[in-house]
Amino acid sequence: RVLELGCSVRAGVERWSQGVTTPLFGSSGINAEYGGDQLVIAKEVAHRLGMPKTILAAEKLTEKGIPEDELANRALKADGFAQVIPEDKYRVVELLQNKGLLVGMTGDGVNDAPALKKANVGIAVHGCTDAARSAADVVLLSPGLSTIVDGIKTSRAIFQRMRSYAVYRITSTIHFLIFFFLTIITLNFSLRPTLIVMICLLNDAATIVISVDKAQISQKPDKWRMGQLLTLSTILAVLLMASSFAHFFVARDAFGLSSGQVETVLYLQMSSCPHFVIFSTRVPGYFWQSPPSLLFFLVIAATQVFAMFISIYGVLSDPIGWGWGVTVMVISVVWMAIMDVVKVMVYRYWSFELTAKLVPTPARRAKLVLKKEDAARMERYHRNVEKARRVVIMARVVAHWTKLVNEHKASGPSHGSVIAGSSSSNDLITVSHTQSLLSH
């Protein structure tokens, strides 16, 4: 979560100008911290680069009698460190790791080697020494730090595809296993082996193209939330089972189709509906907010058109005709849209607080207490900032009115008519200026 730029700030100017800026890291949920040089130089260079200017002297991290947790909070809240030595760089990485953060460290010299080795990801920049290269996990072959941003984007795209595949596969597996278990035990119904094999083949074709899909890159660091993943997959699988049972009973009891036709209807439904769900599971938001790649869309569409035609004309089972074929496909699309809304609601309302309530382990309860304390502290901070902002605004308003009064007194009685004539105009200007200040 934190990228530690282990070089002098002056030496870092060139690297930051070669393709990496603070907004790129900030928009990715990564805090970029830097170290080196004197405190005044560090602040000035940070100002010129457009980086945050909360610079902390390295000696503040080694004060005696200060609790370890307080030192870690100092390292976390600072944007940079000045007057550092190699031991300080190692100390910064250690403190941030003690806060549960994943720390990346960049460096180019021998003095950066210990911190590079200690960091979760040590990154040796272009032109580094052999000592830094041997201690690092990654070596940049091109100048600048833009490669780090490219690597972050690529890794998050891969993670999104993996999560999409996991949700889709777990959902389909739960759907198939429980549905066929219940129908075989209670209804003495199952699909013929050829249809089951055909569903598996079409499913494999759909999952292969996930690797070329356009993934929606998250703005914050990702991690596996197994409770959320399994809960969402189970909910989606239950909805798929509800649709499958509805098709079965409507086709058999309401329309009186033969057993072979009911089998074909269930094959088409169990082939199309889970396939369309993949359009929903590929993104955490609504499926229309991030369109898939053209190849991904064409492969999924081709597999379902093929499944619809073999069901309509009865290539592997009894034919059901165009009416049933098109109707099942339309229902699958509509049901996918309904499931997409459910998915968005799960992502929206799932939180660590909910997890701690559902599975209240001691570690989660303690972490939840800390999170609530941090949230209350930030709320007080923002409330105090708002109060201070209002005080500043009112002080400006009072100063403006005082200036007008002084100008009025200085003008003298000989200009009374002019003052009287301009008083209303000044009042209007002052009121307008006051409203402008309050609005900002």
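These figures come from a predicted structure and were not determined experimentally.

Rules and cut-offs
- By convention here, each chain's residues receive numbers from 1 onward along its written sequence.
- Residues qualify for local features only when their pLDDT is at least 70, as the model is predicted, and side-chain atom pairs are given and counted only at 80 or more; totals for whole chains, interfaces and linings, by contrast, use all residues.
- Remark: hydrogens and water are excluded; side-chain values derive from all non-hydrogen atoms of the structure.
- The numbering of helices and of strands both runs from the N terminus, where a helix is a DSSP run of H or I of at least 4 residues and a strand a run of E of at least 2.
- Exposure categories follow from relative accessible area, calculated using a 1.4 Å probe and restricted to protein chains: below 20% of the type maximum is buried, above 50% is exposed, and the middle band is partly exposed.
- Surface accessibility in these figures is a Shrake-Rupley result with a 1.4 Å probe; residues are shielded only by whichever protein chains are displayed.
- Think of a polar contact as two N or O atoms within 3.5 Å of one another; within protein, one of them needs to be a possible hydrogen donor and the other a possible acceptor, and neighboring residues in sequence only count if both atoms come from side chains.
- Residue contacts are counted whenever heavy atoms from the two residues lie within 4.5 Å of one another.
- What a helix is expected to span follows from its residue count: subtract one and scale by 1.5 Å.
- Every residue carries a pLDDT, the predictor's confidence in it, which falls somewhere between 0 and 100.
- Only the contacting stretch of a helix is used when fitting its axis, a line to C-alpha atoms as for every element, and angles between N-to-C directions run 0 to 180 degrees.
- Here roughly perpendicular refers to angles of 65 to 115 degrees, roughly parallel to angles under 35, roughly antiparallel to angles over 145, and oblique to all remaining angles.
- Left-handed describes a crossing whose near helix is turned anticlockwise from the far helix by less than a right angle; the clockwise case is right-handed.
- Think of it as three bins: nonpolar holds Ala, Val, Leu, Ile, Met, Phe, Trp, Tyr, Cys and Pro, charged holds Asp, Glu, Lys and Arg, and polar takes everything else, Gly as well.
- Strand pairing follows a simple DSSP-based rule, namely that at least 2 bridges must link the two strands.
- With its strands directed away from the observer, a crossover is right-handed exactly when the path from the first strand over the helix to the second travels clockwise.
- Two rings from Phe, Tyr or Trp (for Trp, the six-membered ring) form a pair when their centres are within 6.5 Å of each other. A pair whose planes differ by under 30 degrees is stacked, one over 60 is edge-to-face, and the rest are tilted.
- We define a nonpolar core as any set of buried Ala, Val, Leu, Ile, Met, Phe, Trp, Tyr and Cys residues linked to one another through side-chain atoms lying within 4.5 Å.
- A side-chain nitrogen of Lys or Arg and a carboxyl oxygen of Asp or Glu constitute a salt bridge if their distance falls within 4 Å.
- Patches here: salt-bridge-free residues with over 30% relative accessible area, like charges joined within 9 Å, nonpolar side chains (Val, Leu, Ile, Met, Phe, Trp, Tyr) joined within 5 Å.
- Charged residues are defined narrowly, with Lys and Arg counted positive, Asp and Glu counted negative, and His plus the chain ends left uncounted.
- For the purpose of locating charges, the reference atoms are NZ of Lys, CZ of Arg, CG of Asp and CD of Glu.

**Student:** Help me get a handle on the overall build of the protein chain, residues and values and all.
**Tutor:** In terms of helices and strands, the protein chain carries 16 helices and seven strands. In the protein chain, which comprises 440 residues, the proportion classed as buried is 41%. With the model as given, the accessible surface of the protein chain reaches about 23300 Å², and the carbon-plus-sulfur share is 64%.

**Student:** Before we move on, could you go through the side chain of Asp213 and cite the residues and values that matter?
**Tutor:** With respect to the secondary-structure elements, Asp213 resides in the loop between helix 9 (193–208) and helix 10 (226–254). Exposure remark for Asp213: the relative accessible area of 5% places this residue in the buried category. One polar contact links Asp213 to Arg282, side chain to side chain, over a distance of 2.6 Å. If near-sequence neighbours (up to four positions away) are discounted, Asp213 is found in contact with Arg161, Arg282, Pro292, Ser293 and Phe296.

**Student:** An account of helix 10 is needed here, citing residue identities and associated values.
**Tutor:** Taking 1.5 Å as the rise per residue, helix 10 with 29 residues should run 42 Å; its terminal C-alpha atoms sit 41 Å apart, in good agreement. Phi turns positive, to about 65 degrees, at Gly256, one or two residues after helix 10.

**Student:** Explain the confidence of the model for the protein chain to me, and be specific about the residues and the numbers.
**Tutor:** Chain-level pLDDT for the protein chain is 79 on average; 85% of the residues reach the 70-or-more range. Predicted confidence for residues 6–24 stays below pLDDT 50, and this span has 48 contacts to residues more than four positions away or in other chains. Across residues 415–435 the pLDDT falls below 50, and counting only partners more than four positions away or on other chains, this stretch makes eleven contacts in the model.

**Student:** Can you lay out the packing of helix 9 against helix 11 (residues 259–281) for me, pointing to particular residues and giving the numbers?
**Tutor:** Where helix 9 contacts helix 11, the axes come no closer than 11 Å and their chain directions differ by 15 degrees. With respect to each other, helix 9 and helix 11 are oriented roughly parallel. With respect to the hand of their crossing, helix 9 and helix 11 are arranged in right-handed fashion. For the pair formed by helix 9 and helix 11, the contact residues are Leu195, Met198, Ile199, Leu202, Asn203 and Ala206 on the first element and Glu263, Tyr267, Met270, Ser271, His275 and Ile278 on the second. For the contact of helix 9 with helix 11, the class distribution of residues is eight nonpolar, three polar and one charged.

**Student:** Give a description of the packing of helix 4 (residues 68–77) against helix 5 (residues 86–98) that names residues and reports values.
**Tutor:** As a packed pair, helix 4 and helix 5 sit with axes 9 Å apart at the nearest point and diverge in direction by 105 degrees. If you check the angle between helix 4 and helix 5, you find them roughly perpendicular. Of the residues in helix 5, those touching helix 4 at Glu68, Leu71, Ala72, Ala75 and Leu76 are Arg91, Leu95, Leu96 and Asn98. Looking at the contact of helix 4 with helix 5, its residues break down into six nonpolar, one polar and two charged.

**Student:** How would you explain the pairing of strand 6 (residues 121–124) if you had to name every residue and give the values?
**Tutor:** As paired strands, strand 5 (residues 103–107) and strand 6 are joined by four bridges and run parallel to one another. In the sheet register, Met105 faces strand 6, and the bridge partner there is Gly122. Where strand 6 lies against strand 7 (residues 138–139), two bridges are found, and the strand directions are parallel. Considered in strand 7, the bridge of Ala124 is made with Val139. Note that the unit made of strand 6, helix 7 (residues 130–135) and strand 7 has a crossover that is right-handed.

**Student:** Give a description of the packing of aromatic side chains that names residues and reports values.
**Tutor:** Centre-to-centre distance and the angle between the planes together describe a pair of aromatic rings. This structure, assessed with the given rule, holds 15 aromatic pairs. A centroid spacing of 4.9 Å and a plane angle of 55 degrees characterise the contact between Phe189 and Phe248, whose relative ring orientation is tilted. Highlighted residues: Phe189 in the loop between helix 8 (146–187) and helix 9 and Phe248 in helix 10, separated in sequence by 59 residues. Both rings, one in Phe255 and one in Trp324, keep their centres 5.2 Å apart while their planes meet at 80 degrees; by these two values the pair is edge-to-face. With Phe255 in the loop between helix 10 and helix 11 and Trp324 in helix 13 (residues 321–349), this residue pair connects regions lying 69 residues apart in the sequence.

**Student:** Quick rundown of the nonpolar core? Include the residues and the values.
**Tutor:** One finds Leu191, Leu266 and Tyr267 to be the most contacted residues of the largest nonpolar core, which totals 37 residues. What Tyr267 contacts, discounting residues up to four positions off in sequence, is Leu191, Leu195, Met198, Ile199, Leu202, Ala307, Ile310 and Ser311. Counting residues in each nonpolar core, the second largest holds 25 residues, with Ala58, Leu96, Ala115 and Ala119 among its members.

**Student:** Tell me about unusual backbone geometry, residues and numbers included.
**Tutor:** At Asn188, a position not held by glycine, the phi torsion is positive, near 55 degrees. Counting through the fold element by element, Asn188 comes out in the loop between helix 8 and helix 9. Here Asn188 falls in the exposed class, since its relative accessible area comes to 71%.

**Student:** How would you summarise the pattern of salt bridges if you had to cite specific residues and measurements?
**Tutor:** Enumeration according to the criterion identifies 13 salt bridges in this entry. Asp130 is the salt-bridge partner of Arg133, the closest N and O atoms lying 2.8 Å from each other. One end of the pair, Arg133, and the other, Asp130, are both in helix 7, three residues apart, so they sit about a helical turn from each other. Its salt-bridge partner being Asp340, residue Lys343 comes within 2.9 Å of it at the nearest N-O pair. One end of the pair, Lys343, and the other, Asp340, are both in helix 13, three residues apart, so they sit about a helical turn from each other. Across the pair, Asp340 and Lys343 agree in class, each one buried. Members of the salt-bridge network, linked through shared partners, are Glu68, Arg91 and Glu94.

**Student:** For the pairing of strand 5, give the residues involved together with the corresponding values.
**Tutor:** Most of strand 5 sits inside the fold, with five of its five residues counted as buried. Going residue by residue along strand 5, you find Val103, Met105 and Gly107 tucked away on one face and Gly104 and Thr106 tucked away on the opposite face as well.

**Student:** So what's going on with a positive patch on the surface? Which residues, and what values?
**Tutor:** A contiguous patch of positive charge, built from Lys223, Arg225, Lys367 and Lys371, is present on the exposed surface. Here Lys371 lies in helix 15 (residues 362–411). Lys371 gets classed as partly exposed once you look at its relative accessible area, which sits at 42%.

**Student:** Can you lay out the environment of Phe309 for me, pointing to particular residues and giving the numbers?
**Tutor:** Here Phe309 shows up in helix 12 (residues 294–312). Between the C-alpha atoms of Phe309 and Ile320, which are eleven residues apart in sequence, the distance is 10.0 Å.

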